[in-house]
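Here is what each chain is made of, one letter per residue.
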Amino acid sequence: KVTVRLNNTTIELWVDFDTAKVNGEPVILDETPFIYNDRLVLPLRFVSENLDMEVEWNDEEKKIVLYNSTYVKNRQENQENQENQENQENQENQEN
């Protein structure tokens, strides 16, 4: 068994078992944890997303990028602010 904890979230996973627990609630896994060359391999997307992270796959670079929830929230707010500013500028241009 492996336990992952971050802030108020606890994830429990078992090798070769298709059910995990997130804060004590059972969740069916798409991929089961397994051991490869004496190392435990966990389903990264499942663990990351349940820790409130965003997972991004860069196909060109064959790279996974994880963003924490604060980064995601700030990025969304910045996008919204930029869109609002562009809308306001468009509206002002239409009025002139």
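Details of the structure are given in the entry above.
Note that the structure is a prediction, hence the values are computed from the model and not measured.

Trainee: Any chance you could explain the overall build of the protein here in plain terms?
Mentor: Along the backbone of the protein there are two helices and eight strands. Scanning the protein from its N terminus toward the C terminus, one meets helices and strands in the order β-β-β-β-β-β-α-β-β-α. Relative to a compact globule of 96 residues, whose C-alpha radius of gyration would be 12 Å, the protein shows 20 Å and is clearly more extended. Along the first, second and third principal axes, the C-alpha atoms of the protein reach 65 × 35 × 20 Å. Here the protein holds 96 residues, and the buried ones make up 20% of them. At a minimum sequence separation of 6, the contacts of the protein that also span at least 24 residues come to 19%. For the protein, the exposed surface amounts to about 7,800 Å²; the carbon and sulfur share of it is 40%.

Trainee: Please clarify how the environment of Asp52 should be interpreted in this entry.
Mentor: Inspection of the secondary structure assignment puts Asp52 in the loop between α1 (44–50) and β7 (54–58). Taking the C-alpha atoms as reference points, Asp52 and Thr70, 18 residues apart in sequence, are found 9.3 Å from one another. Excluding anything up to four places from it in sequence, Asp52 contacts Asn68 and Ser69.

Trainee: I would appreciate a short explanation of a nonpolar patch on the surface in the present structure.
Mentor: Where nonpolar side chains cluster on the molecular surface, the patch consists of Leu44, Trp57, Ile64 and Leu66 and spans about 370 Å² of accessible area. Considering the arrangement of structural elements, one finds Leu44 in helix α1. Given a relative accessible area of 38%, Leu44 falls into the partly exposed group.

Trainee: Is there a simple way to explain the environment of Asn68 in this structure?
Mentor: Along the chain, Asn68 turns up in the loop between β8 (63–67) and α2 (69–95). Sequence separation between Asn68 and Leu51 is 17 residues; the distance between their C-alpha atoms is 8.4 Å.

Trainee: Can you walk me through the pairing of strand β4 (residues 25–28) in this structure?
Mentor: Looking down a regular strand, the side chains alternate between one sheet face and the other. Bridging between strand β3 (residues 19–22) and β4 involves four bridges; their strand directions are antiparallel. From the neighbouring strand, Lys21 faces β4, where its bridge partner is Pro26. With antiparallel pairing between neighbouring strands as the criterion, β3 and β4 make up a hairpin whose turn holds two residues, including Asn23 at a positive phi of roughly 50 degrees.

Trainee: Would you mind going over a negative patch on the surface with me for this structure?
Mentor: Together, Glu77, Glu80, Glu83, Glu86, Glu89, Glu92 and Glu95 give the surface a local cluster of negative charge. Within the secondary structure, Glu92 is located in helix α2. By relative accessible area, Glu92 is classed as partly exposed at 39%.

About the criteria used
Residues numbered from 1 in each chain as written. Predicted model: local features only at pLDDT ≥ 70, side-chain atom pairs only at ≥ 80, totals over all residues. Heavy atoms only, no water. Helix = DSSP H or I, 4+ residues; strand = E, 2+ residues; numbered from the N terminus. Rg over C-alpha atoms; globule rule 2.2 N^0.38 Å. Buried < 20%, exposed > 50% of the residue type's maximum accessible area, 1.4 Å probe, protein only. Contact = heavy atoms within 4.5 Å. Areas by Shrake-Rupley, 256 points an atom, 1.4 Å probe, with all protein chains shown as cover. Patch = residues over 30% accessible without salt bridge, like charges linked within 9 Å, V, L, I, M, F, W, Y side chains within 5 Å. Salt bridge = Lys/Arg side-chain N within 4 Å of Asp/Glu carboxyl O. Pairing = 2+ DSSP bridges. Lys, Arg positive; Asp, Glu negative; His and termini not counted. Charge placed at Lys NZ, Arg CZ, Asp CG, Glu CD.

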